[in-house]
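Structure assessment
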Amino acid sequence: MRSVILASAARLLFPLLLLFSVFLLFRGHNEPGGGFVGGLVAATAYSLLALTGGVDSARRLLPARPEVLIGTGLLAALGSGLVSLAAGSPFMTGLWGETPLPVVGKPGTPVLFDTGVYVTVLGVVLLILLTLQEEDEP
(Lines give C-alpha, C1' and ligand atoms only; values in the text may rest on other atoms or scores of the structure.)
Protein backbone atom coordinates (compact mmCIF):
# COMPACT_ATOMS: atom_id res chain seq x y z
CA MET A 1 0.00 0.00 0.00
CA ARG A 2 1.41 3.38 -1.05
CA SER A 3 0.65 6.50 0.97
CA VAL A 4 0.72 9.84 -0.81
CA ILE A 5 1.22 11.68 2.47
CA LEU A 6 4.17 9.52 3.51
CA ALA A 7 5.74 9.79 0.03
CA SER A 8 5.45 13.60 0.11
CA ALA A 9 6.88 13.74 3.62
CA ALA A 10 9.75 11.44 2.60
CA ARG A 11 10.75 13.78 -0.25
CA LEU A 12 10.85 16.68 2.21
CA LEU A 13 12.58 14.77 5.01
CA PHE A 14 15.28 13.16 2.84
CA PRO A 15 17.56 16.21 2.48
CA LEU A 16 16.93 17.26 6.08
CA LEU A 17 17.91 13.83 7.39
CA LEU A 18 21.07 13.80 5.27
CA LEU A 19 22.01 17.27 6.48
CA PHE A 20 21.40 16.26 10.10
CA SER A 21 23.51 13.12 9.61
CA VAL A 22 26.43 15.24 8.39
CA PHE A 23 25.94 17.54 11.39
CA LEU A 24 26.14 14.51 13.69
CA LEU A 25 29.26 13.31 11.90
CA PHE A 26 31.18 16.56 12.32
CA ARG A 27 29.94 17.15 15.84
CA GLY A 28 30.87 13.66 17.00
CA HIS A 29 34.56 13.97 17.73
CA ASN A 30 33.89 16.72 20.31
CA GLU A 31 30.31 16.03 21.48
CA PRO A 32 27.86 13.10 21.40
CA GLY A 33 27.30 11.88 17.88
CA GLY A 34 29.85 10.77 15.36
CA GLY A 35 30.19 8.50 12.38
CA PHE A 36 28.08 5.64 13.68
CA VAL A 37 25.02 7.69 14.60
CA GLY A 38 25.38 9.88 11.52
CA GLY A 39 25.56 6.80 9.28
CA LEU A 40 22.42 5.39 10.87
CA VAL A 41 20.51 8.64 10.28
CA ALA A 42 21.68 8.75 6.64
CA ALA A 43 20.61 5.13 6.17
CA THR A 44 17.23 6.02 7.63
CA ALA A 45 16.82 8.72 4.99
CA TYR A 46 17.52 6.29 2.16
CA SER A 47 15.38 3.52 3.65
CA LEU A 48 12.48 5.97 4.01
CA LEU A 49 12.77 6.68 0.29
CA ALA A 50 12.91 2.96 -0.46
CA LEU A 51 9.84 2.38 1.67
CA THR A 52 7.77 5.04 -0.08
CA GLY A 53 9.07 4.98 -3.66
CA GLY A 54 10.60 1.54 -4.03
CA VAL A 55 14.12 0.22 -3.72
CA ASP A 56 15.09 1.40 -7.21
CA SER A 57 14.35 5.03 -6.36
CA ALA A 58 16.61 4.82 -3.30
CA ARG A 59 19.39 3.08 -5.24
CA ARG A 60 19.31 5.81 -7.93
CA LEU A 61 20.08 8.46 -5.29
CA LEU A 62 22.93 6.52 -3.66
CA PRO A 63 26.38 7.79 -4.61
CA ALA A 64 27.58 4.16 -5.01
CA ARG A 65 26.41 0.60 -4.39
CA PRO A 66 26.31 -0.36 -0.69
CA GLU A 67 29.18 -2.82 -1.17
CA VAL A 68 31.39 -0.04 -2.55
CA LEU A 69 30.41 2.21 0.36
CA ILE A 70 31.46 -0.47 2.83
CA GLY A 71 34.86 -0.92 1.20
CA THR A 72 35.46 2.82 0.89
CA GLY A 73 34.55 3.43 4.52
CA LEU A 74 36.83 0.66 5.74
CA LEU A 75 39.71 2.02 3.66
CA ALA A 76 39.16 5.53 5.06
CA ALA A 77 39.12 4.23 8.64
CA LEU A 78 42.25 2.16 8.03
CA GLY A 79 43.90 5.11 6.30
CA SER A 80 43.40 7.27 9.37
CA GLY A 81 45.49 4.80 11.35
CA LEU A 82 48.14 4.51 8.66
CA VAL A 83 48.65 8.29 8.62
CA SER A 84 49.78 8.16 12.24
CA LEU A 85 52.12 5.25 11.48
CA ALA A 86 53.65 7.23 8.61
CA ALA A 87 54.17 10.16 10.99
CA GLY A 88 56.11 7.91 13.38
CA SER A 89 53.35 7.64 16.01
CA PRO A 90 51.56 4.51 17.20
CA PHE A 91 48.69 3.18 15.08
CA MET A 92 45.44 5.20 15.46
CA THR A 93 47.11 8.11 17.24
CA GLY A 94 45.12 11.28 16.65
CA LEU A 95 46.94 13.86 14.56
CA TRP A 96 45.56 17.33 13.83
CA GLY A 97 46.40 20.02 11.31
CA GLU A 98 47.36 23.54 12.29
CA THR A 99 44.81 25.68 10.41
CA PRO A 100 41.15 25.25 11.34
CA LEU A 101 38.52 24.83 8.62
CA PRO A 102 35.18 26.71 8.84
CA VAL A 103 32.83 23.80 9.60
CA VAL A 104 35.07 20.97 10.69
CA GLY A 105 37.50 22.83 12.92
CA LYS A 106 41.05 21.49 12.91
CA PRO A 107 41.20 18.64 10.38
CA GLY A 108 42.72 15.46 11.66
CA THR A 109 42.75 11.73 11.63
CA PRO A 110 39.80 11.39 14.07
CA VAL A 111 37.56 13.16 11.52
CA LEU A 112 38.84 10.82 8.79
CA PHE A 113 38.15 7.82 11.00
CA ASP A 114 34.63 9.06 11.82
CA THR A 115 33.96 9.62 8.12
CA GLY A 116 35.07 6.06 7.40
CA VAL A 117 32.74 4.75 10.10
CA TYR A 118 29.91 6.91 8.69
CA VAL A 119 30.31 5.53 5.17
CA THR A 120 30.74 1.93 6.40
CA VAL A 121 27.63 2.06 8.60
CA LEU A 122 25.65 3.63 5.76
CA GLY A 123 26.72 0.85 3.41
CA VAL A 124 26.09 -2.02 5.83
CA VAL A 125 22.66 -0.83 6.95
CA LEU A 126 21.55 -0.08 3.39
CA LEU A 127 22.81 -3.42 2.14
CA ILE A 128 20.70 -5.18 4.76
CA LEU A 129 17.59 -3.02 4.48
CA LEU A 130 17.48 -2.75 0.69
CA THR A 131 18.04 -6.48 0.29
CA LEU A 132 15.18 -7.22 2.67
CA GLN A 133 12.91 -4.69 0.97
CA GLU A 134 13.69 -6.10 -2.49
CA GLU A 135 12.43 -9.50 -1.39
CA ASP A 136 9.10 -8.00 -0.29
CA GLU A 137 8.43 -6.07 -3.51
CA PRO A 138 6.29 -7.80 -6.14
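Residues numbered from 1 in each chain as written. Predicted model: local features only at pLDDT ≥ 70, side-chain atom pairs only at ≥ 80, totals over all residues. Heavy atoms only, no water.

**A short note on the packing of aromatic side chains**
Where we set the bar: The aromatic pairing rule takes the rings of Phe, Tyr and Trp, using the six-membered ring of Trp, and pairs them if the centres are within 6.5 Å, calling planes under 30 degrees apart stacked, those over 60 edge-to-face and the rest tilted. Think of it this way: any DSSP run of H or I at least four residues long counts as a helix, any run of E at least two long counts as a strand, and we number them from the N terminus. Buried residues are those whose accessible area, probed at 1.4 Å on protein chains only, stays under 20% of the maximum for their type, while exposed residues exceed 50% and partly exposed ones sit between those limits.
Using the criterion set out here, one finds 2 aromatic pairs in the structure. Residues Phe-14 and Tyr-46 carry aromatic rings whose centres are separated by 5.0 Å and whose planes lie at 80° to one another, so their mutual orientation is edge-to-face. Linking Phe-14 in helix H1 (residues 4-27) with Tyr-46 in helix H2 (residues 35-53), this pair joins segments that are 32 residues apart in sequence. With a relative accessible area of 12%, Phe-14 lands in the buried category. Here Tyr-46 falls in the buried class, since its relative accessible area comes to 6%. Pairing Phe-20 with Phe-23 gives two aromatic rings, centres 6.0 Å apart and planes at 25°, and the pair type is stacked. Here Phe-20 and its partner Phe-23 are both found in helix H1, 3 residues apart, which amounts to about one turn of the helix.

**Considering the side chain of Ser-21**
Worth spelling out the cut-off: Only heavy atoms matter for contacts: two residues are in contact if any of them lie within 4.5 Å across the pair.
Tracing the chain through its elements places Ser-21 in helix H1. Ser-21 gets classed as buried once you look at its relative accessible area, which sits at 0%. Residues contacting Ser-21, with those up to four places away along its chain left out, are Gly-38, Val-41, Ala-42 and Tyr-118.

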